[in-house]
Every structure is written in C-alpha cells, then in structure tokens.
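The primary structure of each chain is shown beneath.
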Amino acid sequence: MAERGRGAGEGEETTVGVSERLLLAGVASFEPAPVLVPEPSPPDEILTPDSGVFRGISPPAITDRLRSQFRRASLPALRQNLTTAAAMELDRGIVFLLAPVFLAAGVIFYFSLDAEPDPYRPLAAVALLSVCAAVSRSWQKTHLLFMATLFCALGFLAAKVETWRAATPMLGSEIQTRVTGRVAIAETMANGRVRLTIDLISTANPKLRYAPERVRLSARRVPPGLTAGSLVSGYARLLPPTGPIRPESYDFSFDSYFTGIGASGFFLGDPKMLPATEIPLDARLASAIENARESIADHIRGSVGGPEGEIAAALIVGVRAGIPEEINEAMRRTGIYHIISISGLHMALVAGTIMLLLRGAFAFFPDFSSRRPVKKYAAAIALVSIAAYLVISGLVVAAERSFIMLAVMLVAVLFDRAALTMRNLAISAIAVILVSPHEVVGPSFQMSFAATAALVGAYAGWADYRAGKATAAPIKGSFLGFMSRKLAVGAGGAALTSFIAGSATALFAIWHFQRVSPLSLFANLAVTPIVSLIVMPFAVFSALAMPFGLDGPFLYVMGKGLTMMIAISAWMSERSPVDAVGLISIQSVLLATVALVIGTMATTWLRLAAVPFALAALLTIPHVRTPDVLISEDAHLVAMPIGAGELALNRARSNEFTTDNWKRALQAEIIVPPETFAKGSPDIGNPVDLPPGSPFYCAGDLCIARHSTGAIVALAENRSAARPACGFADLVVINDATAYNPCRDPRILVVTKRQLALDGSAAVFFDGQSATARATIQYAVEKPYRPWHEQRKYSREARGLPPYKRPEKTDAKPPPAQ
C-alpha cells in the first residue's frame, strides 16, 4: 500500500481545490420529502373522456380547485424552503460576513447626522446592547437582531472616537503670515513647483493665535539640499480647507480634518532653510523613511526618464506628484487610473512575485521541500515583503487597506486555510472600519471592497457550480492548440474579471465622480497583462537588485512596459466618447449596495433576492434633480446650463478643477465665457428682453443672464450694483461679505458672500411651472457645524468683514537735526 508523502504530514496544501462553501454545505442535514408515485392502473380501469366521469365538472370549477390546491401546497412549501435556506446560510456563517456591513452602516449613520452627538450616548448604547445580546442567546431571532444593532452601535462609536482622536486644528480665514516649520514631505510636481507638507513650529507678522499644526504649501523653488526633516521659513499665503464645490459632492475639509492638514497655500517667495535643530525620535524616523523614498524615486527617474520614470516612481515608492496631468486624464478616461495608485493589485502582484520566486528556489532543493512546509515559508516572507512595500510607499490609506486585506489572506495560508474567501474579506473590512472609519464614506473604500466582494462571490459561485459537475478528460492535441485554448481561457477570465469589477463599481464611480469609462473593459484587457507580466514583476526584481546596483536592466524593461501602457491609454482616450454622465440619486447607490451585499454573501437561492434591489437601483438612477445654477463658496464663480450642452460662466478665467466637476455634473461639454462691455460703454439693455438661454453679459460691476426657464440671474460685486437688479432678477448673487439684502420683494432670492462663507457652495433650482420662476436654494454645509466645518464661522467673510489688508510700512525717516 502506498504511503502518503512526508510533506502531507505537515499540513502542506491539504486544502487545495476544496471549496469552503462545499465543506460547510453538509452541516445542516435535511430529510428529503417522500415522493409519491401513483401505481399504474390496468388498461380496463383507465378513464376516458367519454366514460361520463368528467361530465359533471365544468372548466371553471377545475380551475378553482387547482388554484386552491396550489395555494394550500405552495405557501407551506415556500415557507419551508425559506426556513431551510435561511438555516443553511446561518450554518455557513453569514452572520460573520454581515458584521462589517452593519459596522459600516453605523459609521455612515454617524457621518450623516446633522449635529455632532455627545460621546456618552453611543457608549451607553453599546453597553446596553451587549447585555441584551448576551441575555437573548436562547432566542435566536432576537439574538440576531440585537447583534446587528450592536454592530451598528459599534460602528457609530468607532467613528465618534476617530473624530475625537483627530481633533485637527484648522485655519479659519485666509491670511498672509511668516511660517516656520519642519518639512515632513517634499514632492516635485509636474509643473516644476515643489509641494511641501510642513509641521508648523511658529508664525509671525501676524502671529496666529489658533495656528494649524500641519500645512501644505507649494513653492517655485526650494533651497538646494532641502529634504524631509529640514527646518524652513518663509512668507506664505495660508488658505482654509475648502468645502464641497457643490452640494452633495466630495468634502475636502472632511478629508483635511482626518489627514491632519489644517491649511494649504503657497509661499510668496522662496523659502529659506534654517540651521538644523534636535528633533524627536519619531520625527527623525519618519524623515529617514521619507528621504529614502525620495532618493529611490530620484534614482528611478534618472534611470527610466520621462513620464515613464514618474509612473515607475509612483508604482515603487508611491511618489506620483510628477506625473503629467495629460497622462493622468487619459488614464481616468480609459478606466485604468487605479494602476497608478498603490492598491490591492500592486500588493498582490508583489506578494505573488515573491512567492513564485521562493517556491521556484525551493524547488531546487527537493529533499528540503518535501520535509518542510515551504509554502508557509514563502507566505511569511511575502508578508514581510508587502509590509516593507507599505512603509516605502508612504503609508497612504489605500495601501494600508490593501495591506490588511492581503495580510489576512497570507496569514490564512500560514494556518492552512483557503486564502481568497469572503470570510477573509470580512475580516479585512472589519479591521479597516475600526482603524479608519471615515474611509467608509470615501470612494476608495467603497469601490475597492465592492470590486473585491463581487469577484470573490462570483468565482466562489462558479467553483461551487463546477464542483458538482464531472470534469472531462483533457483532449489530446497539438501544442499550438493547447496554447490557444490556454490563451483563450486567460483572455476570457481577464475580460470577465474586468466586467464583474466594473459592474460592481459603476454606480459608485458615477456618484462620486459623475463619470464612467466606456472603454474601460478593453483598456484593462490590453493593459492588465502588461502590468501583471512586465511592469510589476520587473519592479520587484529592480527593488531586489537595487541595493547591489544591478537594477538597470530591470528598470529598462519596466520602462518599456510603461511606454506601452501610456501609448494604449492615450490611443483609447482619443477614441473614448464623452465620459460625463451627470448626477444620479443616492437611492440608487444604496439599493445597489444592498443588491451587492445579498448577491455576494448569500450561497443559496436567497441570492435571487438581490435581483429586485438591482432593478430598483437602475430604475431610480434618474430620480435626481439637476441644479439650474451652481455658485462657488467664495461667490467668485457662477455657472448656469443654457442648453445644447453649453455651460455659461460669469468669468473668462475660472478654476479649472471646479469647472470640470460642474461640467460633468451638469452634462455640459462647451464653456461659454461672458460677454464683457467696457466701462463707459452703453448698458446691456433691458434684461427682460433677453431670450431664454442667454449667457452672461457683464458691464461694470453687474452681470446678468437668463435661464432657459425664463429666470433672470444677476451677479453684483457690491450692494449698490445689486440694487437695480431687484427690479427684474429672480436670483441675485452679491460678491461682497459686508452687503445685505437690498431687495424688498421676498420672491427674489438674494445670496451674499457672507451666506456662502457660512453655508458653503450652493445649488439653485427654478420652478419652471410658475410664471415667476421662483428660486429655491440648497447649500453644501448644514448647521450646526460638525467638527470638520467649525472653522467656517471664524472666517472674515462669515463675520461680515472685508478682506484682511496688512498695514503698509512707512519707510519715512525723521528729518535730520538742525
């Protein structure tokens, strides 16, 4: 009798090819219902239509009888099937899989509140629900209900604790001052400027009483030899964190609060480097890591060169500020920008390359490999490798999340568990939610876990389907036919993977970015093999060879792969249709999330319950009202769609980022600048005579335009210029914080700079059904303020004050003594 291999005794690869769901499928045993088969009747007992037996029953009576019998038989059967499926889902561990879902629900509920809650109520709720869950263990349904509520309360509490722990001091108003601080990060951008993240030590001229702890400033030039840890000083213009650029859009002050950035701005001159001083140990360690990253990035740029060098530096050490914007935009339009950001794909490729190299090396020592669990050794070294990759990539949030997900999978390999399962994904999600709850409401977390859950659920379902079918013996044929089949299977798998991930993340991308990449499937099919087989493996080889000075050939091959990737993205971007899709309703996103959770976590026929939610998500996509006018929070920029894909602006030179976002949200393609009349020229005529859909006409301190509904919009630089507009306008915007409402007619909507400073950017809607086209407004920030908006009430504009002006210095000398 043949014995088992010696490596099997160590637990080596004992779970290969075994589905976790199939292992749990036999936990719940159910007796099959007996099937009654009628005995055949002899020929002389068979009834015929002419025998007279059926004559006494009419067709309606037969229909009613069948309906009643079906009702009596189907309802109990349906109830029994539902109970059986629910019991099977519970036995397979769906309760644990739903734990991160309820944690995330609690986090979302916290961040959606209108006011900041006190910390005592969530603590009391967690304590009370814990007791109720412990007491109700004998009643399964009640216990599950309490556990779900407990996880929601825990998510709520985790978000509250993170908010309290962050407590980032944020600048309240724009100001010019001299800053002195220590450089934490120095990044060279594509336009030649240098972006510095500085830990402030002091401010002067004027001295800020409530100065932020960390600021992000750009400079034209920096002193030679400036690195992380250097002490710098210079006169700078500090700007407070901005809010959403339109209602229900991404809140930049929210992100700044949780990343610790209290202000941004730029140096008015070149900063000066001061003599070095003693710094704390943690700051010294962080500076050493940052300087190592910059040294490696400079080496990669010098070896590869061009935009390929910038992308190579971004993939290896996470420094991506120098990538040209046209390449970034091409990758966004083609749906492959996720390749630039260090995420799960890069972590998996690094770990896979390390494990492949180690397993190949162990294969040269068969005696050792047969005696030892070399797969676990490779997994442990891969875990250390991705931890080092996380540190050298800058410890960004997306990389941290990906590291947690992959670390859970590698640890599962160490303990002889299946690596890629929904349970491991749930563990990763729980860890991320508890460590960084604010990430739950961001696009990165949502799209990453949505794509991963969809892929794991889809391939687990396919594995279950294949496990129940007999596998046919491979067909013998030529080597060319064998390779053709393998390539076809690989291409089909890559296409299916891209389609599943793209479908799972489509609505999240539209909600956050108002754009979708029509050619993303084809772009990912073309680029993924290049990244997986050339770029990332040779990036790993170059990193291993870099300490010995042998990384040149590997970086050369990596650069050629990046050249192909850039060329593909540029070619497809030129042929990609317009990717702006406008706004969608939040209801559709929530319904799609519910459908995704059910479809990926259920293992029985209960996953069909995801279908109605998915259909409802598709049907509710257009249930959102597009704004008729958008106003920036500083009252400088106003946009109004005028039809035919045109967007009218009140300024010829506008903020490019804001304009691009508004174009996508309003589905506009063409920017129509204002028509300006020189001061002293004839006025712009009677505004009532303007045809609907007229762009902005500006003369002096007043601009007017007319919406397609007939509503007239007036923009004034001060109160005196706005007063004449009260006679004809439906909306008046005043770019003056000291002004108040000059119109006595309550039907006229007046928006001042002070109101925008307090409540953020605004969206205006006109009632096209009424004769007066009365306007309603929605602001981006609600009161009372949450902690990341508290600084708004301290700005000069919010207090109704004019902009700050430094007192002019007098250089007059006293007259000489007589």
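Residues numbered from 1 in each chain as written. Predicted model: local features only at pLDDT ≥ 70, side-chain atom pairs only at ≥ 80, totals over all residues. Heavy atoms only, no water.

S.K.: How should the overall build of the protein chain be read in this particular structure?
M.R.: Looking only at helices and strands, the protein chain features 23 helices and 18 strands. Evaluated residue by residue, the protein chain yields a buried proportion of 43% over its 818 residues. Looking at the protein chain alone, contacts between residues at least 24 apart form 67% of all its contacts between residues at least 6 apart. As displayed, the protein chain has an accessible area near 44000 Å², and 63% of this comes from carbon and sulfur atoms. (Helix = DSSP H or I, 4+ residues; strand = E, 2+ residues; numbered from the N terminus. Buried < 20%, exposed > 50% of the residue type's maximum accessible area, 1.4 Å probe, protein only. Contact = heavy atoms within 4.5 Å. Areas by Shrake-Rupley, 256 points an atom, 1.4 Å probe, with all protein chains shown as cover.)

S.K.: In this structure, what is going on with the state of the cysteines? I would like to understand it.
M.R.: Put plainly, two cysteines are in a disulfide when a covalent bond ties their sulfur atoms together. As enumerated under the stated definition, the model contains two disulfides in all. Between the sulfur atoms of Cys-698 and its disulfide mate Cys-703 the distance is 2.0 Å. Taking the sign of the S-S torsion, about 115 degrees here, the bridge from Cys-698 to Cys-703 comes out right-handed. The residues Cys-698 and Cys-703 share a single accessibility class, namely buried. Note that Cys-726 is cross-linked by a disulfide to Cys-743, the S-S spacing being 1.9 Å. Between Cys-726 and Cys-743, the S-S torsion sits near -80 degrees, and that sign places the bridge as left-handed. With Cys-726 in the loop between α22 (719-722) and β15 (731-734) and Cys-743 in the loop between β15 and β16 (749-752), this residue pair connects regions lying 17 residues apart in the sequence. With a relative accessible area of 18%, Cys-726 lands in the buried category. (Disulfide = S-S within 2.5 Å.)

S.K.: Looking at this model, I keep getting lost on the pattern of salt bridges. Mind explaining?
M.R.: This structure, assessed with the given rule, holds 22 salt bridges. Within this structure, Glu-325, Glu-329, Arg-332 and Arg-515 form a network of salt bridges that share partners. (Salt bridge = Lys/Arg side-chain N within 4 Å of Asp/Glu carboxyl O.)

S.K.: I keep staring at helix α21 (residues 656-666) and nothing clicks. Help me out?
M.R.: Every α-helix carries 3.6 residues per turn, so stepping three or four residues along brings you back to the same face. Among all positions in α21, only Thr-658, Thr-659, Asn-661, Trp-662, Arg-664, Ala-665 and Leu-666 are buried. Capping of α21 at its N-terminal end is provided by Asn-655; its side-chain oxygen lies 3.1 Å from the backbone amide nitrogen of Phe-657. The first or second residue beyond α21 is Gln-667, which carries a positive phi of 55 degrees. (Polar contact = N/O pair within 3.5 Å; in protein donor to acceptor, adjacent residues only side chain to side chain.)

S.K.: Any chance you could explain the sheet that holds strand β10 (residues 670-672) here in plain terms?
M.R.: What holds strands together in a sheet is hydrogen bonding between their backbones, with the strands either parallel or antiparallel. In spatial order, the strands read β10-β9-β8-β7-β17-β18; together these six strands make up an open sheet with mixed pairing. On the outer flanks of this sheet lie β10 and β18 (775-779), each paired with one strand and no other. In this sheet, neighbouring strand axes are inclined to one another by 25 degrees on average, regardless of whether the strands run parallel or antiparallel. Where strand β9 (residues 646-649) lies against β10, three bridges are found, and the strand directions are parallel. When the sheet's bridge partners are listed, Leu-647 is paired in β10 with Ile-671. Its contacts with the sheet put α21 on β7 (629-631), β8 (638-643), β9 and β10, and the angle it makes with β9 is roughly 140 degrees. (Pairing = 2+ DSSP bridges. Axes fitted to C-alpha atoms, helices over the stretch in contact; angles between N-to-C directions.)

S.K.: Explain unusual backbone geometry here, please?
M.R.: Most peptide bonds take the trans configuration, and most residues that are not glycine carry a negative phi. Looking along the chain, the bond that leaves Asn-205 and enters Pro-206 is cis, with omega of 0 degrees. Mapped onto the elements of the fold, Pro-206 is located in the loop between β2 (194-204) and β3 (214-219). The omega torsion across Lys-783 and Pro-784 is 5 degrees, close enough to zero to call that bond cis. Position of Pro-784 relative to the elements: it lies in the segment after β18. You will see that Gln-514, though not glycine, has its phi angle at about 55 degrees, which is positive. Position of Gln-514 relative to the elements: it lies in the loop between α16 (479-513) and α17 (520-545). The exposure class assigned to Gln-514 is buried, which follows from its relative accessible area of 1%. You will see that Ala-644, though not glycine, has its phi angle at about 60 degrees, which is positive. Position of Ala-644 relative to the elements: it lies in the loop between β8 and β9.

S.K.: Is there a simple way to explain the confidence of the model for the protein chain in this structure?
M.R.: The predicted coordinates should not be examined in detail at positions where pLDDT is low. The predicted model of the protein chain has a mean per-residue pLDDT of 84, with 86% of residues at 70 or higher. Low pLDDT, under 50, characterises residues 43-57; the predicted model gives this stretch seven contacts beyond four residues in sequence or across chains. (pLDDT = per-residue confidence, 0-100.)

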